[in-house]
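# Analysis of the macromolecular model
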Amino acid sequence: MPATHRAVPLLSLVAVGALTLSACSDSASESDALPRNPSVIILSGDGMGSQQLDARLPVAGASAADSEDAATLDAGKRRSGSSPAVGGAYFMNISGGIPVAGDFDGDGQADPAMVAEGNWYICLSGNDYARGGPYSLDMDGIPVAGDFDGDRQADPAMVAGGDWYVWFSGEDYARGGPYPMGMTDGQPVAGDFDGDRQADLAVVAGGNWYVWFSDDDYARGGPYPMGMTDGQPVAGDFDDDGQADLAVVSEGNWYVWFSGEDYARGGPYPMEISGGIPVAGDFDGDGQADPAMVSEGNWYVWFSGADGDVLDEPALLGAP
Ligand SMILES: [Ca+2]
Ligand SMILES: [Ca+2]
Ligand SMILES: [Ca+2]
Ligand SMILES: [Ca+2]
């Protein structure tokens, strides 16, 4: 296990009910600006920190020899024993945006979201996937979602020019940042890699993963070379051990490095949707992340749980 769990909370949390984001508006004409407060500072890592998790994350490239028999995400499903169900297509009617998933309402199921031109549209599972938003964060950038303050509700984040900004659900969505991670290249990813229930910041550049661990004062770990320079990085807890697993999606094939398997690589798992952008989230709420692909506003979800029809109603997410 990694380092020390902080005795002092990084944030003085204020409980915020799940209704904060459920005052959903289907109107595209009004913009709900979330409050901004740049004074919230929790990230102090200087970007040049410890390598203390190198023993748990592979330092050399991950093994590619462990994948021949994997046609499904079996390696990540040993604990549940259920079969994956292929979900249908769910249409959010937001095109041209970037898909993000996170449990914004804190009900244990990931909520699909789309971010277009700085506006967030979120279909809360706790609100029958009615579409809420647009929520304007008044900032453009690459959207990321994760529970950075550990209150069990996902926090929206934006990454622009290597700087991270986080709107903390536990702080009434006050903005924190900019947090300069010192990397302007690469794809930002959020996931709780150290398992302390707070999302950690990660950047994937040139096949190398860099992680700023919340339980180590956001000291940087890495680079962790995963041996894949192509593809889209995704993070999610596919094996349900409480730690986010690293994943890369390349040409419709998912590869997952399972934390519960010493980061042995599983895959390729073919889940191809033409033009699909990969997203991971626990949409059915069984504790295991579910792979999803989003293409032209349609969400395709492969549910880890046997009950794979969670999103079947409504098939149309939000209002037309
Ligand atoms: Ca949160
Ligand atoms: Ca963490
Ligand atoms: Ca895991
Ligand atoms: Ca799941």
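In this text, all values refer to a predicted model and were calculated from it rather than measured experimentally.

Let us now look at the overall build of the chain. Counting its secondary structure elements, the chain contains zero helices and 21 strands. The 320 residues of the chain split such that 49% are buried. Within the chain, counting contacts between residues at least 6 apart in sequence, those at least 24 apart form 50% of the total.

On to the sheet that holds strand S18 (residues 264-270). Sheets are built from strands paired through backbone hydrogen bonds, the pairs being either parallel or antiparallel. Sheet architecture is open: four strands sit in the order S15-S16-S17-S18, paired in antiparallel fashion. Each edge of the sheet is formed by a strand with only one pairing partner; in this case those strands are strand S15 (232-236) and S18. The sheet shows a mean angle of 25° between the axes of neighbouring strands, direction not considered. Here five bridges tie strand S16 (residues 245-250) to strand S17 (residues 253-258), and the two strands are oriented antiparallel to one another.

Turning our attention to unusual backbone geometry. The amide bond that connects Gly 133 to the next residue, Pro 134, takes the cis arrangement and shows omega of 10°. Secondary-structure assignment places Pro 134 in strand S6 (residues 131-136). The residue after Gly 267, namely Pro 268, is reached through a cis peptide bond having omega 10°. Positive phi, close to 50°, is recorded for Glu 117, a residue that is not glycine. Residue classification places Glu 117 among the exposed residues on the basis of 9 C-beta atoms within 10 Å.

This part takes up the pairing of S6. Burial of S6 is extensive: five of the six residues sit out of reach of the surface. Pairing geometry for strand S5 (residues 119-123) and S6, over four bridges, is antiparallel. Counterpart to Trp 120 in the pairing with S6 is Tyr 135.

A few words now on the sheet that holds strand S8 (residues 155-160). The strand order across the open sheet built from four strands is S7-S8-S9-S10, with neighbouring strands paired in antiparallel fashion. For this open sheet the edge positions go to strand S7 (142-146) and strand S10 (174-180), each flanked by a neighbour on one side alone. Adjacent strand axes in the sheet meet at a mean angle of 25° when their direction is disregarded. Here five bridges tie S7 to S8, and the two strands are oriented antiparallel to one another. From the neighbouring strand, Val 144 faces S8, where its bridge partner is Ala 157.

Right, let's get into the environment of Asp 200. Summarising the element assignment, Asp 200 is placed in strand S12 (residues 200-205). When the C-alpha atoms of Asp 200 and Asp 147 are compared, they prove to be 8.7 Å apart, with 53 residues separating the residues in sequence. Once residues lying within four places of it in the same chain are set aside, the contact partners of Asp 200 are Gly 191, Asp 192, Phe 193, Asp 194, Val 211, Trp 212, Phe 213 and Ser 214.

This brings us to the environment of Phe 193. Here Phe 193 shows up in the loop between strand S11 (187-191) and S12. Spatially, the C-alpha atoms of Phe 193 and Gly 242 are 8.3 Å apart, while their sequence positions differ by 49 residues. When sequence neighbours within four positions are dropped, the list of residues in contact with Phe 193 reads Asp 200, Val 211, Phe 213, Gln 243 and Ala 244.

Each value, and the rule that gives it
Residues numbered from 1 in each chain as written. Chains lettered and ligands numbered in written order. Predicted model: local features only at pLDDT ≥ 70, side-chain atom pairs only at ≥ 80, totals over all residues. Helix = DSSP H or I, 4+ residues; strand = E, 2+ residues; numbered from the N terminus. Buried ≥ 20, exposed ≤ 12 C-beta atoms within 10 Å, placed from the backbone. Contact = placed C-beta atoms within 7 Å. Pairing = 2+ DSSP bridges. Axes fitted to C-alpha atoms, helices over the stretch in contact; angles between N-to-C directions.

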